[in-house]
Structure formats: structure tokens, C-alpha cells
Amino acid sequence: MKRRAFLGMPAAAVLAGCSARHDIEGGFTGIDVARGHAWRDGALPAGAAPEAARRTRVVIAGGGVAGLAAARALRLSGVEDFVLLELEDTAGGNSRAGAVQGIACPLGAHYLPLPGDDAHEVQDLLEELGLRRRVSGRWEYDERQLCHSPQERLFFQGSWQDGLLPLQGVGAATLAQYRRFSRRVEALGREGRFTIPTLRTAVAPALLELDAQSFEAWLGREGFSDPQLRWYLDYCCRDDYGAGLAHVSAWAGIHYFASRHGFHAPGDEDSVRDAVLTWPEGNAWLTRRLAQPLGDRLRTGHAVTRIAEQRSGVEVDAVDAASGRRLRWQAERCIVALPVFVAARVVEAPPERLRQAAAALRHAPWLVANIHLRAALADRPGAAPSWDNVIHGSRGLGYVDARHQALDPTPGPTVLSWYRPLGPSGWDGIDSRRLLLERPWSGWRDELLAELSVPHPDLAGLATRIDITRYGHAMAIPAPGLLATLGAPRRVVAGRLAFAHADWSGYSIFEEAFTRGHLAGTA
């Protein structure tokens, strides 16, 4: 395919239904792509002589959720002599935030489901932050931080409906498959232990059987052929894993439901979606509080280029992006809270387990666009405006409204955060990572305007600015066979190196990253 056709193909298709806007401001923000690619392309070579040396007890490489959790765990255990090195200018990884025209908004992850008892480290964090407390022997969550009602809706067949499972106008056969799938998930949940975090999962033969096949293949064998059920399950996979049901394992597809709230068909006794915690800035509300106590121990804008275990300790080399200086930290040990594919490149003589994990893991690219609107949108018939608003049949995952949590209900300017996974799915037959990098901001602007103008014809006229954040390797895809390769290790340790990242769970959510970081910091 010629480059011009490659870059123009998706935009040309979507622009047919939307008049292009050329007066909306905006651009790419949030991730310094050039900084990451300088490391990838060898502009930051490992092994170059350092210009300065530092000593510390522990180095944490990577300032995402896992790295921040490790820093908290060190502090809780009385270790204050450490440094955390982060490539970007702010810590938080996929849980960072920005602001558009003064309105806070997420640059990535935007909610946290109430954690179950298997995630007791996360429960402890929420208690520490005042988000939950015990009242008369029962845990209660801060109502202000729980997602306000209405929580979610779907634009389906020309109007909005409550919930995301397609309901209006579907036939009896579709409803029957919904109910049968609900019963099947419930039965599988009883047969196998689906836990969050996965490190508390016993990887039994039943789970490995599901892991060995794609979710799509399993659905076919089970006779789940209904188009609406499949659309919803594909949406769920793209939402949590960045890839479609043909590209994730059946274990991952079932895990989405069996590890949390189940699958609730119409008429189920408990059909209300579980509560989630959310904030205008998304999960950055959490990561900012994890980063705040670190002070100058948090070194942002530092690209780790080499991690080498020595006879008496560990050497960690990094480049300070602001000054260009090459620095070396000498420490007793290192917590490697980097994505696995990065860790495998910067760790000298990487252990076999790391090499195997890096070879097995694939990552989904993502795009997050924050759209400032100067006034509230007009709405179509049906369910009321919600926090999460999904458009049936679209490439994106819909949008969340940054002002949904505001206590003032008066309509006014807001920011909509639009999510677009670019991992392998039924939508894509192209090099999506290359598309993410090379497609101009205006192409993404036109695509999102076309998609969101279907339920909101007035959106293009109200938009004033669109800021777009690109993630080339946003999250691990739990492809068939990955659970068998990774297992469910409680800790991943090699000598003086402890590895901590959601990649070691095979998919990316806050609870997985936080628990692995916490355990690495307490080792």
C-alpha cells in the first residue's frame, strides 16, 4: 500500500458523513514520542561513560502505577533512600491527566472499580486516601468519588438506551443468548478461580484450556453466534485489552466478567453495574497522590538506558532529557517497573524469564482525545446524558464527560474524553502503530468528529480545541497462550532485580500494576 493511501484511508471513509472543521485548535500532547524513539533508535546508547555518579539504596526504573506503588511500599517499610526514574515529564504512566481550557480531564485510565478482597493492597491504599472507611462494621466508600448516576448508556438504533448491552428492538433469540451466556460465565466462575490480581490465581488445567484458544473460537464452539452479543463482547475486549475477541484468549474474555461483576442479562436479579470510583482527571487523582510525597526522589524526564547487576550491587544509567547529561546510579538493588519489552532491552544479560515474556507479549496502541466544548450538547431521545457514552458499531469506545462528577448540575462548557484502541480487531487490517505515529492530528480530528456527530450533530460546531495523546504500547494484549507462558508469579525476581509491571499479569489495569509494584517494594 502506498504511504498516501495508508495515511488517508480511514479519514476518507469517515469524512463522508461529516463536514470537516478547520478552525478547531489542538495538537498532540501528553507523551514525548521523540524522547521514547530516541531511546529506541539508539540515540541514547547503553554503556556510554556517565558524566556523574550517584549512590542510593534502591533505584526504581519506571514511574507508572507499579513504580509509584513500589515507592510507597519502600516508604511504608522505612526505606527512604531511593530514587524513581521516569521517562516522561510527569509520573503515572497510563494514569495521567491534563486540562483543556482549564477543565481537568484524563489522558488515559479514567476509573477504578471497587476492589475485591483479593486486591487488599489496593483496598489499603483507598483507606489511606480516605476513599473508604469502616462504619458499624461495614466498609463505606466516599459517595462524592463514586461515579454519579446515570453511569452509562448506548446509542443504538437512533436513540440512547440505558446500559451498554444492546436491548431495544432485539429479538427473543438474542435475549436467550444473553441469558445463556450469563449462566455460562457464572458456571465458569465457580469452576475456576478468576481473581484480580491474577497473581492470586491458581493456573489450573481448566484455565489453561481457555487460555489456549481465542475468545472468538470459544464462542463459536459454545454456540454464541448472536451479532449483538458478539458486538458487546468485542467492545468489552477492546475496552479492557485494546484488541478484539478474535485476538484475545477465551480466558481473558471470561476473566473480564468472572473476576468482577459477572455478566448480567436482562431480568437477572442483580443487573445493576458495580460502582466505580472516578474523577474528572481520571486515575491521575490516585497517581498524583502517590507521587506527591516523593519530592526530589522522583526524577522525571530521565530515560533509563542500562541496568546492570554487579557483584556488590546494581548500576543504573539514565539520560536527563533536560540537560542531556548521562548519569549513573549505584544501588543495592533495582525495581524494574518498566514494560517488559523495554526491560528486556535495558537489562544487561536479561534473565531467561524476561526474554521469554518479552517474546510472547504484544502491546496495543491507543489514542485518547480530549475535546473542549464551549456549551452543552443537544441530545437525542432516550437515556439521559451519562458519564460513559458509547456509540454502537463505532471504531472508538465512546466518550466520558469530565464534568459528570461536578456537584453543580448547570449545563456549561465541558471536556469529552474519546477513546480509540488501535490493537488488532475486526476494524483494522493495517499497521496501526505506524498509523498512530504518522497520521496527522487533523486526520484524528476528522475521524472523531465524524463518529461523535452521529448522536451529536451539533458537536463539531461547539468544539473549540482537541488535544490528542498517543500511546504506541499502551497495554499488553492477553493473546491465546500468554497465561501459560507467564503463569501467575507472585514475584518476579532475578538476583538484585525485582520486576514489577502489569505486563507480568498479561493485561493492564490499576490493580494488577499496583499490587505487583507493592510486592516488589516490600521484597
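The rules behind each value
Residues numbered from 1 in each chain as written. Predicted model: local features only at pLDDT ≥ 70, side-chain atom pairs only at ≥ 80, totals over all residues. Heavy atoms only, no water. Axes fitted to C-alpha atoms, helices over the stretch in contact; angles between N-to-C directions. Helix = DSSP H or I, 4+ residues; strand = E, 2+ residues; numbered from the N terminus. Parallel < 35°, antiparallel > 145°, perpendicular 65-115°, else oblique. Contact = heavy atoms within 4.5 Å. Nonpolar A, V, L, I, M, F, W, Y, C, P; charged D, E, K, R; others polar. Buried < 20%, exposed > 50% of the residue type's maximum accessible area, 1.4 Å probe, protein only. Polar contact = N/O pair within 3.5 Å; in protein donor to acceptor, adjacent residues only side chain to side chain. Core = buried A, V, L, I, M, F, W, Y, C linked by side-chain atoms within 4.5 Å. Pairing = 2+ DSSP bridges. Salt bridge = Lys/Arg side-chain N within 4 Å of Asp/Glu carboxyl O. pLDDT = per-residue confidence, 0-100.

Undergrad: Let's hear about the packing of helix H4 (residues 120-128) against helix H17 (residues 510-522): which residues, and what values?
TA: Closest axis-to-axis distance for the H4/H17 pair is 9 Å, and the angle between their directions is 90 degrees. By the criterion of interaxial angle, the relationship of H4 to H17 is roughly perpendicular. Between H4, through Glu121, Val122 and Leu125, and H17, the contact on the second element is made entirely by Phe510, Glu511, Phe514, Thr515, His518 and Leu519. Its residues placed into classes, the contact of H4 with H17 shows five nonpolar, two polar and two charged.

Undergrad: Describe the side chain of Glu121, listing the residues and the values that go with them.
TA: Note that Glu121 resides in helix H4. Overall, Glu121 belongs to the buried group, its relative accessible area being 5%. In terms of polar contacts, Glu121 uses its side chain to reach the side chain of Arg200, at 2.6 Å.

Undergrad: Residues and numbers for the nonpolar core, please.
TA: One broad rule of soluble globular proteins: the nonpolar side chains tend to lie buried together. Among the nonpolar cores identified, the biggest contains 55 residues, and Phe181, Phe215, Trp218, Tyr232, Leu233, Phe257 and Phe263 are the most heavily contacted of them. Each residue touching Leu233, except ones within four places of it in the same chain, is listed here: Phe181, Phe215, Leu219, Leu245, Phe257 and Phe263.

Undergrad: Any details on the sheet that holds strand E14 (residues 302-309)? Residues and values, ideally.
TA: Hydrogen bonds between backbone atoms are what pair the strands of a sheet, whose relative direction is either parallel or antiparallel. Strand order in the open sheet made by the four strands is E2-E16-E15-E14, with mixed pairing throughout. The open sheet has two edge strands with one neighbour each: strand E2 (52-55) and E14. The sheet shows a mean angle of 25 degrees between the axes of neighbouring strands, direction not considered. Relative to strand E16 (residues 326-331), strand E15 (residues 314-320) runs antiparallel, the two being bridged by six bridges. Within the sheet, the bridge partner assigned to Ala318 lies in E16 and is Leu327.

Undergrad: Can you explain the sheet that holds strand E10 (residues 152-156)? Please cite residues and give values.
TA: One open sheet accounts for eight strands, arranged E1-E22-E18-E21-E20-E19-E10-E11; its pairing is mixed. Where the open sheet ends on each side, the last strands, each with one partner, are strand E1 (25-28) and strand E11 (159-162). The sheet shows a mean angle of 20 degrees between the axes of neighbouring strands, direction not considered. Note that strand E19 (residues 388-391) and strand E20 (residues 399-401) share two bridges and pair antiparallel. Following the sheet pairing, Asn389 is matched in E20 by Tyr399. Of the strands in this sheet, E10, strand E18 (363-373), E19, strand E21 (414-421) and strand E22 (463-476) touch helix H8 (residues 227-241), which is tilted by about 125 degrees from E19. Contacting E1, E18, E19, E20, E21 and E22, helix H14 (residues 441-452) runs over the sheet at an angle of about 100 degrees to E22.

Undergrad: Please give an account of the pattern of salt bridges that cites residues and values.
TA: Counted according to the given criterion, the structure contains 23 salt bridges. The residue Arg297 makes a salt bridge to Glu80 at a minimum N-O spacing of 2.5 Å. Remark: Glu80 occurs in the loop between helix H3 (65-76) and strand E4 (82-85) and Arg297 occurs in the loop between helix H10 (284-291) and strand E13 (298-299); sequence separation between them is 217 residues. Given the relative accessible area of 16%, Arg297 is considered buried. The exposure class assigned to Glu80 is partly exposed, which follows from its relative accessible area of 41%. The shortest N-O distance in the salt bridge between Glu315 and Arg328 comes to 3.7 Å. Here Glu315, found in strand E15, pairs with Arg328, found in strand E16; they are 13 residues apart in sequence, far enough to count as distant. Each member of the pair Glu315 and Arg328 is classed as buried.

Undergrad: How would you explain the packing of H8 against helix H9 (residues 250-258) if you had to name every residue and give the values?
TA: Relative to each other, H8 and H9 sit at 90 degrees, their axes nearing to 10 Å. When the axes of H8 and H9 are compared, the pair comes out roughly perpendicular. On H9, the residues that touch Tyr232, Leu233, Cys236, Asp239, Asp240 and Tyr241 of H8 are Ala252, Gly253, His255, Tyr256 and Phe257. Residues of the contact of H8 with H9, tallied by class, amount to seven nonpolar, two polar and two charged.

Undergrad: Quick one: what's the story with the confidence of the model for the protein, residue by residue and with numbers?
TA: When pLDDT drops low, the exact placement of atoms in the prediction is not to be read closely. Mean pLDDT for the protein: 91, with 92% of residues reaching 70 or above. Contacts of residues 1-19 to residues separated by more than four positions or lying in other chains number 25 contacts, the stretch itself having pLDDT below 50.

Undergrad: For H9, give the residues involved together with the corresponding values.
TA: Among the nine residues in H9, eight count as buried, and that is most of the element. Here the buried face of H9 lies against helix H5 (172-191), helix H6 (205-211), helix H7 (215-222), H8 and helix H16 (482-486).

Undergrad: Go over the environment of Pro266 with me, naming the residues and quoting the values.
TA: Relative to the assigned elements, Pro266 resides in the loop between H9 and strand E12 (276-277). The class of Pro266 is partly exposed, set by a relative accessible area of 31%. As a C-alpha pair, Pro266 and Tyr178 span 88 residues in sequence and 7.7 Å in three-dimensional space. Once you skip the residues sitting within four places of it in the chain, Pro266 turns out to touch Leu165, Leu167, Leu175, Tyr178 and Arg179.

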